[in-house]
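# Architecture and fold: a report
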Amino acid sequence: MNKQFEQIEKYIRSHCQADDYSLSISASDNHQTRFAQNGITQHIAGPRLDITLEVAFGQRTGSCSVNQDDEATLAYLVKTAEDIARLNRPDPEYLPSTGAQTLPDVNNSDPSTRELEPAEMVEIVQQAIDKAKAYGATVSGMTEKHVYEYCLFTKNGFAGSDSLTQFGHSMTLKKENVETKVSHEAKDFASFSLEQEFGRLLSQAESLLTMKDFDACKIPVILRPGAIGELLLYMGWMMNRRQSDEGFTPYTGQLGQPFFGEKFSLRSTLKEPRLYARPFDHEGIVSREISWVENGILQNMPTNRHWAKEKNAQPQMLFNYFVPGGEASEEEMMKLVPRGLIINRFWYIRTVDAKAGEFTGMTRDGVLYFEDGKVKNAVNNLRFNEIPHDATRRILALGKQELPFLYAYIPTMLIDNFNFVDKTTF
Amino acid sequence: MKYLDLAMNAAERLGAEYADIRVQKTTDEVIYLQNLSLKNTSNEVLYGYGIRFFRDGAWGFAHSNVFSDEAVLKTVSRASEIAALSASVNKDKKLRLAPERSYIAKYETPVKIDPRDVPMKEKVELMLEVNRTMLAFEGVKRAMFYLVMHRDEKFFGSTLGTRLELNTQWITPMITATAVYEGDSQSRSFNEGGKATGWEWIESLNLTEKAKQIAEEALIKVKAEPLGPEARRTLILDPVHLGLTMHESVGHATELDRVLGWEADYAGISFATPEKLKNYRYGSEIVNFVGDNTLNEGLATLGFDDDGVPGQKWHIIKDGILNEYGSTRDTAMEIGLEYSRGCNRATYYSDQPINRIPNLYLLPGTRELSPAELIADTEDGIYIQGQGSFSIDQHRVNFQFGGDFFWEIKNGKLFRPVKKVIYKSCNPEFWNSCDAICDERYWRPFGVINCGKGQPSQSARMTHGAATARFRNIRVGGSQ
């Protein structure tokens, strides 16, 4: 356990007079080099600290957060949280803090990221710019390193901590009308190869050179993991047990039902070492292997402690996205339908109709049109209005899993009749 | 504030061509009530300083939460080292800063009743009453009240000799009723965003009456018929709705850093490129957008920006023509401007400031016209109140918006409420289709409190404003 965290916890334990408390602390060291149009535009370094104390007198609750750990600030933290609670009205949904738990063994930290120096990060940026210039293009992106440590203590005996390292490097390349992006996000810096990432970027750029106008329509799509990951994030956010039980989401009354397509499963797992798996959440809900959707059947939904008690259910959280894949390559997928589009990423996804589970968004960073099993040309970006859970019923094939984000290990998907409704000018 | 001189003297010794320090304490008091349950009653304080160091055409930025001479000097040194690393890459791409003079000044948000002086019990009682009012309507299954009171206390010093003390604050109340009926669920909100003012605004709103209205309208909405298939229609948009439309399709499109491609990897770029300045028809002749960081109660009315540049007022779109951008000292020079419009803002002490949207509003129409007269003058159309779904492409061209409450207009009258309404349009078609704007009596502000941009992501605030306006021949239809 981090010594700084122990000292803060010791102070709170000896000074907090409340009937109950929950103390969360997170500390991070961060370095972010942001570049655009072949030059560095922002360059940021520094530590962060967040100390949040939630207290309760009976059912009266209060919370305070500070970012300093000197004694005067900690005294302010305790007094402010307690004063708020004393003056507050009772919360009918209040639950005492969680007690001691057995936590899973996870490893979210990697020495190669911890040891990465700013000069090495700037060298990566320099090399990316040199490669872009050699291609006659500009590159914009960010190289970042984060080292996080966090913990949760409660008066009722919960004590847990974890650390996470994160390395990220993204690049958007622009040459004339071609714009495309790759990004790499991992716990470990050691898995990063600029050669490989830039090769992928150039390959994408080359595929987009011949652009043709394309009108919105319903059409099969090959969604790469970056695109699927963004859609799943929104779908998962809506998959909330309480919201659904109260009638606000499309999942109302669907537990145990074949609500998704049978080719679709969604799990959270502690076993995939590349995925970030936090061992517990802010309520002290412990992460465990869980299947949310299995072969199309909605088996579980994220449930907080209060609602779990109301429904006599187990509290559980969606701590990462593991979607089992298949063996189909993009080439094989293209042969399964007469024509379609390959989508690299989505952008600006927003809810259109919460109850229906309908979202809108744009394609971004490259759309390819294929016909008769071969890529023919790039096309303009398109707007979709689509219901993701319904789209899973139209999955025709699954590819191998990839890690587009630290929280998602998911495959490429071939989905029939994806609903594009508009196009843009580029 | 002794650390200002200490840091700036150290920066000069280390060879800064320019440097600044921003000591900032941000306090957020948040109360969130849902169905009479207090989900969040909190007070958050973030206190520290950020130091920018500029040399050889490049920035370094370091921040710290430790206040001591040693920590300040160490942070200056770190910013200097980072700037040197940046400069090693920027040899062919040196940034330049637009000239600026020094200022010694203070600014404080005018407030009659400081929210901190209002007992929390009084705030919670008001919120409970509003919650109870909404839940008393049969069919309203969820009642929410979200209240934020935000305060920034800043000391700013730069190597230009500028020394500023800026104490600003804002407040935002948002209430939402969600109704469930025959398998559907629809929400209606009272949400005018934030205002740089005090508790007197909350007292003036009569939120209990507002709660009755939105609960009734949530029920009307959930029982309304869906609009149906897409067709070209006339739209009448209220000021709150237009606040979001202009934010996405004008505000972000005219941020100079996006125009320059500095957001290419994340938030996107802009179609409104510099060769279009002074000649591009962005909107019809009645469309005038003003950037105004002196606007009374405006969320970006802060006295000075985080470059130490004072608040200004200027035309961004004049008589429908793209006139100028929102700029910062480092973006302005890239297009040959010898001045900044003062749009550089950071969210917290630990954020490097970036080019943000100023307070930006649509000027009201010049002839007398009320929303009722505008509806009476519209044979067939859709009237949209409030904000809903929003999405726009990364060049700020194609967009789709929803809304919060919808009426179908027939023969100059509000004919029937409808639901599941979205419209699709693009720049410059949308603003060129504007054929009427109500007069200044009907101009209303909308304060955005959560404008996300940048990497690492920052959440900025600015105020928009408009009078109800009409747009012709827009693709309007139901969602799926």
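Everything quoted here is computed from the prediction, not taken from an experiment.

The next subject is the packing of helix H4 (residues 118–134) of chain A against helix H5 (residues 194–207) of chain A. All names here are of chain A. Two elements in contact, H4 and H5, have axes whose closest approach is 11 Å; the angle formed by their N-to-C orientations is 35°. At the point where H4 passes H5, the crossing takes the right-handed sense. Across from Ile124, Gln127, Ala128, Lys131 and Ala132 in H4, the residues of H5 making contact are Leu194, Glu195 and Phe198. Along the lines of polarity and charge, the residues of the contact of H4 with H5 split into five nonpolar, one polar and two charged.

This paragraph deals with the side chain of Asp162(A). All names here are of chain A. Mapped onto the elements, Asp162 comes out in strand E5 (residues 159–175). Of the side chains with opposite charge, Lys187 lies nearest to the buried Asp162, which makes no salt bridge, at 8.1 Å. Look past the residues within four positions of Asp162 in its chain and what remains in contact with it is Val106, Asn108, Tyr148, Glu149, Tyr150 and Pro279.

This paragraph deals with the sheet that holds strand E12 (residues 321–322) of chain B. All names here are of chain B. With respect to topology, six strands assemble into an open sheet ordered E12-E11-E10-E15-E24-E23, the strand pairing being mixed. In the strand order of this sheet, the two ends are held by E12 and strand E23 (444–453), each with one partner. As defined by bridge partners, strand E15 (residues 360–362) adjoins strand E24 (residues 458–466) across two bridges and the pair is classed as parallel. Following the sheet pairing, Tyr361 is matched in E24 by Gly465. The sheet strands contacting helix H6 (residues 239–251) are strand E10 (289–292), strand E11 (313–318), E15, E23 and E24, and the helix crosses E24 at an angle near 120°.

If you look at the biggest cluster of nonpolar residues, it comprises 78 residues, and the most contacted ones within it are Leu235(B), Tyr282(B), Phe289(B), Tyr423(B), Trp431(B) and Phe471(B). Element by element, the count of residues in this core is highest for H6(B), at five residues.

Our focus in this paragraph is the packing of aromatic side chains. Any two aromatic rings considered together are summarised by their centre-to-centre distance and by the angle between their planes. One pass over the full model with this rule turns up 41 aromatic pairs over all chains. When the ring of Phe214(A) is compared with that of Tyr369(A), the centres are 5.6 Å apart and the planes differ by 40°; the resulting orientation is tilted. Of the two residues, Phe214(A) is situated in the loop between strand E7 (211–212) and strand E8 (218–223) and Tyr369(A) in strand E14 (residues 358–371); the sequence distance between them amounts to 155 residues. Here Phe322(A) and Tyr409(A) contribute two aromatic rings whose centre-to-centre distance is 5.9 Å and whose plane-to-plane angle is 35°, an arrangement assigned as tilted. A residue pair is termed long-range when its members are at least 10 positions apart, and Phe322(A) in strand E12 (residues 321–322) and Tyr409(A) in strand E18 (residues 408–423) qualify at 87 residues. Under the relative-accessibility criterion, Tyr409(A) is labelled buried at 9%. Taken together through their ring pairs, the aromatic side chains of Phe289(B), Phe399(B), Phe401(B), Tyr423(B), Phe430(B), Trp431(B) and Phe471(B) make up a single cluster.

Taken together, Lys212(A), Lys335(A), Lys374(A) and Lys376(A) make up a surface patch of like positive charges. Judged by relative accessible area, Lys212(A) falls into the partly exposed class, the value being 48%.

This part covers the pattern of salt bridges. Residues and elements named next belong to chain B. Enumeration according to the criterion identifies 61 salt bridges over all chains in this entry. Lys221 is paired through a salt bridge with Asp404; the nearest N and O atoms lie 3.8 Å apart. In this pair, Lys221 sits in helix H5 (residues 207–223) while Asp404 sits in the loop between strand E18 (398–401) and strand E19 (405–410), placing the two residues 183 residues apart along the sequence. Like Lys221, the residue Asp404 is buried in the burial classification. With a shortest N-O distance of 2.9 Å, Arg470 and Asp435 are connected by a salt bridge. Taken together, the positions of Arg470 in strand E25 (residues 469–478) and Asp435 in strand E22 (residues 434–437) put the pair 35 residues apart, joining distant regions of the chain. Given a relative accessible area of 4%, Arg470 falls into the buried group. Judged by relative accessible area, Asp435 falls into the partly exposed class, the value being 34%.

A few words on helix H6 (residues 225–238) of chain A. Spacing of three or four residues puts side chains on the same side of an α-helix, whose turn is 3.6 residues. All names here are of chain A. With 14 residues, H6 extends 20 Å between its outermost C-alpha atoms, agreeing within 8% with the 20 Å of an ideal straight helix rising 1.5 Å per residue. Among the 14 residues that make up H6, 11 are buried, leaving the element largely enclosed by the rest of the structure. When H6 is considered as a whole, its buried residues turn out to be Pro225, Gly226, Ala227, Ile228, Gly229, Glu230, Leu231, Leu232, Met235, Gly236 and Met238.

Residue and element names in this part refer to chain B. Along the chain, the position of Ile214 falls in helix H5. Spatially, the C-alpha atoms of Ile214 and Ala372 are 20 Å apart, while their sequence positions differ by 158 residues. The contact partners of Ile214, leaving out residues within four places of it in the chain, are Met134, Ile175, Thr176, Ala177, Arg188, Ser189 and Phe190.

To continue, consider the interface of chain A and chain B. Across the boundary between the two partners, chain A contributes 83 residues, which contact 78 residues of chain B. Surface buried jointly by chain A and chain B totals about 6700 Å² across both partners, of which 47% is contributed by carbon and sulfur atoms. The interface formed by chain A and chain B holds eight salt bridges in total. Close ionic contact of Glu125(B) with Arg89(A) constitutes a salt bridge, the shortest N to O distance being 2.6 Å. Inspection of the region where chain A meets chain B yields 45 residue pairs in polar contact (both at pLDDT 80 or more). Ranked by the residues each element gives to the side of chain A that touches chain B, the list is headed by strand E2 (residues 39–57) of chain A, at 12 residues. The class makeup of the residues in the side of chain A that touches chain B is 27 nonpolar, 33 polar and 23 charged. Of the pairings in the sheet, the one linking strand E3 (residues 60–66) of chain A to strand E2 (residues 37–55) of chain B comprises three bridges and is parallel in character. When the bridges of E2(B) are listed, Ser65(A) appears paired with Glu44(B).

So, about helix H1 (residues 2–13) of chain B. Residue and element names in this part refer to chain B. Given a rise of 1.5 Å per residue, 12 residues ought to cover 16 Å, and the 17 Å separating the end C-alpha atoms of H1 matches this to within 8%. Those residues of H1 not exposed but buried are Tyr3, Leu4, Ala7, Met8, Ala10 and Ala11. In a view along the axis of H1, the buried residues occupy a sector of 160°, so they form one face of it. Within H1, the exposed residues directed more than 90 degrees away from the buried face are Lys2 and Arg13. Buried positions along H1 lie against strand E1 (18–34), E2, helix H2 (69–89), strand E5 (140–158) and strand E6 (163–181). At the C-terminal side of H1, Gly15 shows a positive phi close to 95°.

On to the confidence of the model for chain B, then. Of all residues in chain B, 100% have pLDDT values of 70 or greater, and the mean over the chain is 97. In the model output, the complex is listed with pTM 0.96 alongside ipTM 0.95.

All names here are of chain A. Relative to the elements of secondary structure, Tyr321 occurs in strand E12. Put simply, Tyr321 and Val293 are 28 residues apart on the chain and 11 Å apart in space, counted from C-alpha to C-alpha. Apart from residues lying up to four places away in sequence, Tyr321 is in contact with Leu232, Leu233, Gly236, Trp237, Leu266, Arg267, Leu275, Tyr407, Ala408, Tyr409 and Ile410.

It is worth spelling out the side chain of Arg356(B) at this point. Residues and elements named next belong to chain B. One can find Arg356 in the loop between strand E14 (354–355) and E15. One buried charged residue, Arg356, forms no salt bridge at all, with the nearest opposite charge on Glu255 at 4.6 Å. Reaching out from Arg356, the side chain makes a polar contact with the backbone oxygen of Cys451 at a distance of 2.6 Å. Setting aside residues no more than four positions away along its own chain, Arg356 makes contact with Glu255, Cys343, Arg345, Cys451, Gly452, Lys453, Gln458 and Ala460.

The rules behind the values
Residues numbered from 1 in each chain as written. Chains lettered and ligands numbered in written order. Predicted model: local features only at pLDDT ≥ 70, side-chain atom pairs only at ≥ 80, totals over all residues. Heavy atoms only, no water. Axes fitted to C-alpha atoms, helices over the stretch in contact; angles between N-to-C directions. Helix = DSSP H or I, 4+ residues; strand = E, 2+ residues; numbered from the N terminus. Left-handed = near helix turned anticlockwise from the far one by under 90°. Contact = heavy atoms within 4.5 Å. Nonpolar A, V, L, I, M, F, W, Y, C, P; charged D, E, K, R; others polar. Buried < 20%, exposed > 50% of the residue type's maximum accessible area, 1.4 Å probe, protein only. Lys, Arg positive; Asp, Glu negative; His and termini not counted. Salt bridge = Lys/Arg side-chain N within 4 Å of Asp/Glu carboxyl O. Pairing = 2+ DSSP bridges. Core = buried A, V, L, I, M, F, W, Y, C linked by side-chain atoms within 4.5 Å. Phe/Tyr/Trp six-rings, centres within 6.5 Å; stacked < 30°, edge-to-face > 60°. Patch = residues over 30% accessible without salt bridge, like charges linked within 9 Å, V, L, I, M, F, W, Y side chains within 5 Å. Areas by Shrake-Rupley, 256 points an atom, 1.4 Å probe, with all protein chains shown as cover. Charge placed at Lys NZ, Arg CZ, Asp CG, Glu CD. Expected span 1.5 Å × (residues − 1). Buried area = accessible area lost by both parts, 1.4 Å probe. Polar contact = N/O pair within 3.5 Å; in protein donor to acceptor, adjacent residues only side chain to side chain. Arc of directions from axis to C-beta. pLDDT = per-residue confidence, 0-100.

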